[in-house]
Amino acid sequence: MKEVRVRFAPSPTGPLHIGGVRTALYNYLFAKKNGGKMILRIEDTDQTRFVPGAEEYIVKSLDWCGIKFDESDIVGGEYGPYRQSDRKPLYKQYSDELIEKGFAYYAFDTAEELDKYRAEAEAEKKTFIYNAESRKTLRNSLTIAAEEVEKMINDGIPYTVRFKMPENYEVRMHDIIRGDIKVNTNTLDDKVLFKSDGMPTYHLANIVDDHLMKISHVIRGEEWLPSMPLHVLLYQAFGWEAPEFAHLPLLLKPDGNGKLSKRDGDRLGFPVFPLRWVDPKSGEVSSGYRESGYYSEAFINMLALLGWNPGTEQEIFSMEELIEAFSFEHCTKSGARFNVDKTKWFNHEYLLKKDKEEVGEEYLQWLEEEKGIKADRDYVVKVAGLVKDRVNFVKELWDQSFFFFEAPTTYDEVTVKKRWKENSPELMRMAKELINGIEDFSAENIEKVLNDWITSNELGMGPVMNGLRLMLVGAGKGPHIHEILELIGKEEAVKRIDKGLEVLG
Ligand code: GLU
């Protein structure tokens, strides 16, 4: 295989959707697997769609994901500039070359004229297409005499350059994921390659840059498959060797009905963007995976398996393992359905793998930021150790452990109804005395003392433990009673029992 050079080529028209992140990821995995280079190219030739902050957002998102570039506007490289607007002077010669060779032509039809043709066609329930048929009657260098064309250009009459799509020609193509594809050019239109604003369109800039940047494999979303015949014909027209193509399957909505769109996320209750995004115009906020508490490793692991599988049962992969395992053979042709629960499951698995120290540190920070609680580090680490396996996210630890940081002020009604019996007050008074007298206040010893006391007095494990849980937690949840006791300490435990007795009687 020749040197692998792939590119991720986003247009900065908004935040990067998770489908885009997956495209970047597969490019990265393929490049690294094959000892190749990963390039970031910003495709910003459509100035009307420019969104401030989008490029920075894309760069930050990919950085958070651990997708690194060998060449980009930031890290530099031999084939720069890597932003198409900075390459503007470069494209016109290629547009000129196509005209000279007869593969493209000047079109002088104004936007108003084209709108009129579209409206007329629509009135007849047809679609206006600029193609081999219609171009014969439109205002372009194929219908206007050469001297006149030259004069119009010299007079500064605005024009676009269109690709002269050959008539009734079978374009034969190969896609690594989809296999052989044939398309008849009669189904295609004469796409604009160069615009009246002096900028190339996506199609021309993309092909020229892929060629100049020596891209070996074009790996991109399925939505670009319809552009492939034009791209292949452009390579032929220039006489350049085309790269190989791999069009990745779409990411589908959870119910499988249609493409997962930018709008879906917050509507369906999960983020579709890696990072939070605030729309610069409307101020509308879209949630991000990072801010929702996902680990980037879990997010990447989940994304990798949407459209690719390792061919084994393994589900948990580090980036290194993904690189090792990745190949297009195990990429699917059909769309991959997004699964919210599975996404959370991945985060849970990554949380499980972390030790209590690491999760504790994260929780310590969360407590301070979200609750204004400045807790002792070792204490929080112990708490994290007790409850971390029960949650998917660090932010969910609070619900499982708030009682380690504050005494209950209310008592869950359902639990009280079910567990607070007539003899409960008496049992709690006795338990308080017992607890107050325990010298060695380690969980292990507390458990032993409590158990001995319960069995020798035949008090029943349930009634005592359920009562204590209500007193200490205020609800029917939480880790073992002796572990809670050890951590909150004797004095606090006694206070909570007194308070509970006062409230519940
Ligand atoms: N600029 C295109 C995009 O926004 C790139 C498509 C391609 O990779 O060719 O997705």
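Please read all numbers here as calculations on a predicted model, not as lab measurements.

Engineer: Would you explain the environment of Ile438 in this entry?
Structural biologist: The topology assignment puts Ile438 in the loop between helix H16 (424-436) and helix H17 (443-456). Overall, Ile438 belongs to the buried group, its relative accessible area being 3%. Linking Ile438 and Ile207, residues 231 residues apart in sequence, is a C-alpha distance of 78 Å. Every residue in contact with Ile438, bar those within four places of it in the chain, is listed here: Asn445, Ile446, Val449 and Lys490.

Engineer: Just checking my understanding: could you explain the pairing of strand S6 (residues 179-184) for this structure?
Structural biologist: Two faces make up the sheet, and in a regular strand the side chains alternate between them. Direction of pairing for strand S5 (residues 170-175) relative to S6: antiparallel, over a ladder of six bridges. Its bridge partner lying in S6, Met173 is registered against Ile181. The loop that links S5 with its antiparallel partner S6 comprises three residues.

Engineer: Sorry if this is basic, but what is going on with the sheet that holds strand S3 (residues 104-107) here?
Structural biologist: Strands belonging to one sheet form pairs held by backbone hydrogen bonds; the direction of such a pair is parallel or antiparallel. Ordered in space as S3-S4-S7, the three strands form an open sheet in which the pairing is antiparallel. Edge positions in the sheet fall to S3 and strand S7 (192-194), since each has one partner strand and no second. For this sheet the average axis-to-axis angle between neighbouring strands, irrespective of direction, equals 45 degrees. Where strand S4 (residues 160-163) meets S7, two bridges bridge the pair, whose relative direction is antiparallel. What sits directly across from Arg162, in S7, is Val192.

Engineer: What am I meant to see in the nonpolar core here?
Structural biologist: Soluble globular proteins tend to bury their nonpolar side chains together. Ranked by size, the top nonpolar core spans 110 residues in total, and within it Ile67, Tyr363 and Phe405 carry the most contacts. Among the elements that line this core, the one with the most residues is helix H1 (residues 18-33), at nine residues. Core analysis: the next-biggest nonpolar cluster, separate from the first, contains 40 residues, Tyr106, Val171, Val208 and Ala237 among them.

Engineer: Just to check I follow, could you spell out helix H20 (residues 490-504) for this structure?
Structural biologist: Counting along an α-helix, one turn takes 3.6 residues, and residues three or four places apart therefore face a common direction. For H20, built from 15 residues, the straight-helix expectation of 21 Å at 1.5 Å per residue is met to within 8% by its first-to-last C-alpha distance of 21 Å. Those residues of H20 lying buried are Ala493, Val494, Arg496, Ile497, Gly500 and Leu501. Buried residues of H20, seen end-on, are gathered within an arc of 160 degrees and therefore sit on one face of the element. Opposite the packed face of H20, turned more than 90 degrees from it, sit the exposed residues Glu491, Lys495 and Glu502. Tucked into the core, H20 has its buried residues touching H16, helix H18 (461-473) and helix H19 (481-488). Looking one or two places after H20, you find Gly505, whose phi comes out positive at around 80 degrees.

Engineer: Which parts of the structure should I look at to understand the site of the ligand?
Structural biologist: Taken together, the neighbourhood of the ligand is formed by Arg7, Ala9, Ser11, Glu43, Tyr202, Asn206, Arg220 and Trp224. Here an oxygen atom of the ligand and a side-chain polar atom of Arg7 are 2.7 Å apart. Here an oxygen atom of the ligand and a side-chain polar atom of Asn206 are 3.1 Å apart. Relative to its unbound accessible area of 300 Å², the ligand is 84% covered by the protein chains. Broken down by class, the residue content of the shell around the ligand amounts to three nonpolar, two polar and three charged.

Engineer: How do you make sense of the packing of aromatic side chains when you look at a structure like this?
Structural biologist: In this description, an aromatic ring pair is defined by two values, namely the gap between the centres and the angle between the planes. Using the criterion set out here, one finds 29 aromatic pairs in the structure. Ring centres of Tyr363 and Phe405 lie 5.9 Å apart, and the angle between their planes is 85 degrees; on these two criteria the pair is classed as edge-to-face. On the criterion of sequence distance, the pair formed by Tyr363 in helix H12 (residues 356-371) and Phe405 in the loop between helix H14 (397-401) and helix H15 (413-419) is long-range, its members being 42 residues apart. Cluster of aromatic residues (ring-pair linked, three or more members): Tyr363, Trp366, Tyr379, Trp398, Phe402, Phe403, Phe404 and Phe405. The positively charged end of Arg22 is found above the aromatic ring belonging to Tyr26, 5.5 Å away from the centroid. Looking at Lys354, its charged tip hangs above the ring of Tyr295, at a distance of 3.9 Å from the centre.

What counts, and where the lines are drawn
Residues numbered from 1 in each chain as written. Predicted model: local features only at pLDDT ≥ 70, side-chain atom pairs only at ≥ 80, totals over all residues. Heavy atoms only, no water. Helix = DSSP H or I, 4+ residues; strand = E, 2+ residues; numbered from the N terminus. Buried < 20%, exposed > 50% of the residue type's maximum accessible area, 1.4 Å probe, protein only. Contact = heavy atoms within 4.5 Å. Pairing = 2+ DSSP bridges. Axes fitted to C-alpha atoms, helices over the stretch in contact; angles between N-to-C directions. Core = buried A, V, L, I, M, F, W, Y, C linked by side-chain atoms within 4.5 Å. Expected span 1.5 Å × (residues − 1). Arc of directions from axis to C-beta. Near = heavy atom within 4 Å. Polar contact = N/O pair within 3.5 Å; in protein donor to acceptor, adjacent residues only side chain to side chain. Areas by Shrake-Rupley, 256 points an atom, 1.4 Å probe, with all protein chains shown as cover. Nonpolar A, V, L, I, M, F, W, Y, C, P; charged D, E, K, R; others polar. Phe/Tyr/Trp six-rings, centres within 6.5 Å; stacked < 30°, edge-to-face > 60°. Lys NZ or Arg CZ within 6 Å of the ring centre and 35° of its normal.

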